[in-house]
Amino acid sequence: MEHDYSLLVENLKGRRYDEALREHVLSDAFHQSGYSDCLLYTLESMVEIDPSYAYKVYANSRRIHEIISKALKKRGYDVDYRYQGALKTYSNILLYGDVEIIVIKKNVSDKPHRDMQTLAMDLMDVLSKDPSFKTVDYSDKTRIRITAQKPTCEIDVLPSLWVNSAEYLKTKNEIYRGIAEFDFANKKVKKYLPFLNIARINSRDMHTNGNLKAISRILKTLRADSHDRINLRDSEINSILYNMPEVELSVPQNKVLSLLPKVALLLNKISTDTKYFSHLLSPSEKDRVFGGRPEKQQDVKKLSGALDTLIEDLKKDLSKSNKSLDSEIAYLES
C-alpha cells in the first residue's frame with residue numbers, strides 16, 4: 001500500500017481528542033467493526049462529529065467575539081458579526097474548531113481597501129494583546145487565525161464588508177446578503193454569498209442521505225494528512241461536491257465507498273480542464289468557486305492525487321475479502 005494507515009488512523013484520532021475526558025471520541029463502529037486500518041481510516045473520517053462539541057467551540061468563539069466587540073466599540077467602529085466555516089455545516093473533521101467569525105464593517109468610505117487594512121490591523125492589535133490566546137496569526141493577509149484554549153481550537157477572524165445583492169434588497173432576507181473579503185497578499189477581493197452557500201450545502205446533504213458531507217469530510221481528511229500543502233478551504237471543497245448531480249450522491253450509507261470513483265472523476269476534470277475549473281460555480285450560483293485564482297487548480301490536482309491513491313489502496317484492501325468499492329459495507333449500522 002502507498003501509506004501506513006496505522007499512522008493515518010493515529011492522525012485521525014488526534015483530531016478527535018477530548019481534552020476534558022482525556023480520550024479519543026470515535027464511533028462505536030470504529031471499535032467494533034474489526035476492519036483494517038485503511039478501511040477504518042476512510043469510514044471513520046466520514047462520520048459526523050458529535051454536534052455537542054460545537055457548543056464548546058462556539059463558547060470560545062463567543063468570548064473572542066465579545067473581546068473584539070468591546071475593543072472596536074471603544075475605537076468608534078460600527079460592525080456586524082456573523083459566523084461561517086465547516087462547523088456551520090457540520091462537515092468539520094476536528095473535534096474543536098473549523099469556525100470563522102466574520103467581522104463586517106458597516107460604514108465604509110470610498111476607499112474600502114484602506115478601511116479593511118485598518119480594520120485588520122486594529123483586530124490584530126486587540127487580539128495580540130490578549131494573553132489567553134496561544135497564537136494570533138495574520139500571515140495570509142486575509143483572515144486572522146487564533147489558537148484559543150480550554151478547549152484548544154483554531155478560530156478564524158475575517159475582516160470584511162457587506163455586499164447587498166439584488167435579491168437581498170428586494171426581500172431583506174439575509175440569506176441573500178453577501179460579503180467581500182480582501183486578500184492583501186495577492187491584492188484580490190472575493191465577493192460571495194456565504195449564508196446562501198451554507199443553506200444550500202445543508203439542504204443538498206439532506207437530500208443525499210448525508211453523503212455530501214461524508215465525502216467532504218474524507219476529502220478534508222486527505223487534505224489534512226497530505227505531505228504536500230493543499231491550499232483548499234472547507235467551503236471550496238463543499239462547493240466542488242455541490243457540483244455533483246444529486247442523483248449521483250444518493251446511495252445508501254452502506255455503499256458510500258462507491259461514490260469515491262465518481263468524486264475522483266470530478267476532481268480530475270476540475271484539475272485538467274481549465275475552462276471547467278474557471279467556470280465552476282459555488283452553491284449560490286452567483287459566483288465562481290475559483291474565480292481569479294488559477295493557482296488553486298494545482299491544489300485540486302494534489303487533492304485528486306490523494307484521493308486516487310486512497311481508492312487504489314482501498315481496492316487492494318477490499319480484494320482480500322472478495323469485496324469492491326461497490327460492495328455493501330456496514331459501518332455505523334454494525
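Since we're looking at a predicted model, the values are computed, not measured.

S.K.: Tell me what's going on with the pairing of strand E4 (residues 99-105), and back it up with residues and numbers.
M.R.: For E4, the tally of buried residues reaches 7 of 7 residues, placing the bulk of the element in the interior. Burial along E4 is two-sided: Val99, Ile101, Val103 and Lys105 facing one way and Glu100, Ile102 and Ile104 facing the other are all buried. Strand direction decides the pairing type here: strand E3 (residues 79-84) and E4, joined by 6 bridges, are antiparallel. Bridge pairing in E4 links Gln84 to Glu100. Taken together, the 7 bridges between E4 and strand E7 (residues 153-164) define a ladder with parallel strand orientation. Residue pairing in the sheet places Val103 in a bridge with Pro159 of E7.

S.K.: Residues and numbers for the pairing of strand E8 (residues 177-183), please.
M.R.: The buried fraction of E8 is high, at 7 of 7 residues. Taking every second residue as pointing to the same face, both faces of E8 are buried, with Arg177, Ile179, Glu181 and Asp183 on one and Gly178, Ala180 and Phe182 on the other. Pairing analysis gives 5 bridges linking E7 to E8, with the strands arranged antiparallel. Pairing of Asn164 across the sheet is with Arg177, part of E8. Inspection of the sheet shows E8 paired to strand E9 (residues 188-192) by 5 bridges, in the antiparallel sense. Paired with Phe182 across the two strands is Val189, which belongs to E9.

Thresholds applied
Residues numbered from 1 in each chain as written. Predicted model: local features only at pLDDT ≥ 70, side-chain atom pairs only at ≥ 80, totals over all residues. Heavy atoms only, no water. Buried < 20%, exposed > 50% of the residue type's maximum accessible area, 1.4 Å probe, protein only. Helix = DSSP H or I, 4+ residues; strand = E, 2+ residues; numbered from the N terminus. Pairing = 2+ DSSP bridges.

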